[in-house]
Amino acid sequence: SLLARLLLLDFLKKINLFNKIDIEYNSWGKPLLKDAPHFNWSHSGDYVVFAWSNFVEVGIDIEKTNTIEWTEFNTIFNKYQWADILDSYDSIKKFYYYWVINEAIIKAKGMGLSFDIKGINLIHNGQITIDNEAFKLKEIHVHPEYLCYLAFRNIQTEFNIKSQFYLPKDLG
């Protein structure tokens, strides 16, 4: 989206890389900044979220929890996720939970949405594995009608997660 690109440009200005933009793409089509921090963005409804890290690949996803016919999506979740959705008191919220974490993890791994998310395995304490590679999840509270998760490779180093909210007039 245009707002996501404006956030990226604003970010590059703040870290003095605005004039050194060299965007490359991995084999799955994920944009990468050459010799610069890892980044990712997502948008849904009224919100755009942007994540970056100097240390590790990141993936972020946000979705507005609209009422949808979620039962049509049964083939994209693994059997454990689908059973949890069906057994949940709030199946729509649980559906969006798995949708958002799966997409954030795939983005952190640097893969496109063509990746079969049935291979994502949820482990306790917010840890996830794909192809025997561990990832962590962090929920980002944006608005009660939205779910947002940040995913990153499971590293041993502690780091801070900061949130900053922009209005379109603040960018540019």
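Residues numbered from 1 in each chain as written. Predicted model: local features only at pLDDT ≥ 70, side-chain atom pairs only at ≥ 80, totals over all residues. Heavy atoms only, no water.

Caption draft 1: Quick look at the nonpolar core. Ranked by internal contacts, the top residues of the largest apolar core, which has 20 residues, are I85, I105 and L137. Broken down by secondary-structure element, the contributors of at least two residues to this core are α2 (79-87), α3 (91-109), β7 (127-130), β8 (133-139) and β9 (146-153). Among the elements that take part in this core, α3 stands out by supplying nine residues, more than any other. Counting residues in hydrophobic clusters, the runner-up holds 12 residues, among them I60, V142, C148 and F152. (Core = buried A, V, L, I, M, F, W, Y, C linked by side-chain atoms within 4.5 Å. Buried < 20%, exposed > 50% of the residue type's maximum accessible area, 1.4 Å probe, protein only. Helix = DSSP H or I, 4+ residues; strand = E, 2+ residues; numbered from the N terminus.)

Caption draft 2: Molecular detail of the side chain of S42. If you trace the backbone, S42 turns up in strand β3 (residues 38-44). Of the residues examined, S42 reaches a relative accessible area of 5% and is grouped as buried. Within polar-contact distance, the side chain of S42 engages the side chain of D61 at 2.8 Å. Non-local contacts of S42, meaning those with residues more than four positions away in its chain, are made with Y47, V48, V49, I60, D61, I62 and K107. (Polar contact = N/O pair within 3.5 Å; in protein donor to acceptor, adjacent residues only side chain to side chain. Contact = heavy atoms within 4.5 Å.)

Caption draft 3: Local environment of the pattern of salt bridges. Going through the model one piece at a time under the given rule, you end up with three salt bridges. In this structure, K94 engages D84 in a salt bridge whose closest nitrogen and oxygen atoms are separated by 3.6 Å. With K94 in helix α3 and D84 in helix α2, this pair connects stretches of sequence that are 10 residues apart. Residue D84 is classed as partly exposed on the basis of its relative accessible area, which comes to 28%. K107 serves as the salt-bridge partner of E103, at 3.7 Å between the closest nitrogen and oxygen. Placement of the pair is E103 and K107 together in helix α3, with a separation of four residues, close to one helical turn. For the pair E103 and K107, a shared accessibility class is recorded, and that class is buried. (Salt bridge = Lys/Arg side-chain N within 4 Å of Asp/Glu carboxyl O.)

Caption draft 4: Structural view of the environment of F77. Inspection of the secondary structure assignment puts F77 in the loop between β5 (58-64) and α2. In the structure, F77 is positioned 22 residues away from W99 in sequence and 8.4 Å away in space, judged by C-alpha atoms.

Caption draft 5: Broad picture of the environment of K136. Along the chain, the position of K136 falls in strand β8. Assessed through its relative accessible area of 25%, K136 is described here as partly exposed.

Caption draft 6: Structural detail: the pairing of β3. Judged by how many residues are buried, β3 sits mostly within the fold: five of seven residues are covered. Pairing between β3 and strand β4 (residues 47-53): seven bridges, direction antiparallel. Paired with H38 across the two strands is S53, which belongs to β4. Count of turn residues in the β3/β4 antiparallel hairpin: two residues, of which G45 carries a positive phi of about 55 degrees. (Pairing = 2+ DSSP bridges.)

Caption draft 7: Structural detail: the packing of α2 against α3. Here α2 crosses α3 at 155 degrees, and the two axes come no closer than 7 Å. The orientation of α2 with respect to α3, classified from their angle, is roughly antiparallel. Of α3, the residues touching α2 (which contributes Q81, D84, I85 and L86) are S91, K94, F95, Y98 and N102. Here the residues of the contact of α2 with α3 are counted per class, giving four nonpolar, three polar and two charged. (Axes fitted to C-alpha atoms, helices over the stretch in contact; angles between N-to-C directions. Parallel < 35°, antiparallel > 145°, perpendicular 65-115°, else oblique. Nonpolar A, V, L, I, M, F, W, Y, C, P; charged D, E, K, R; others polar.)

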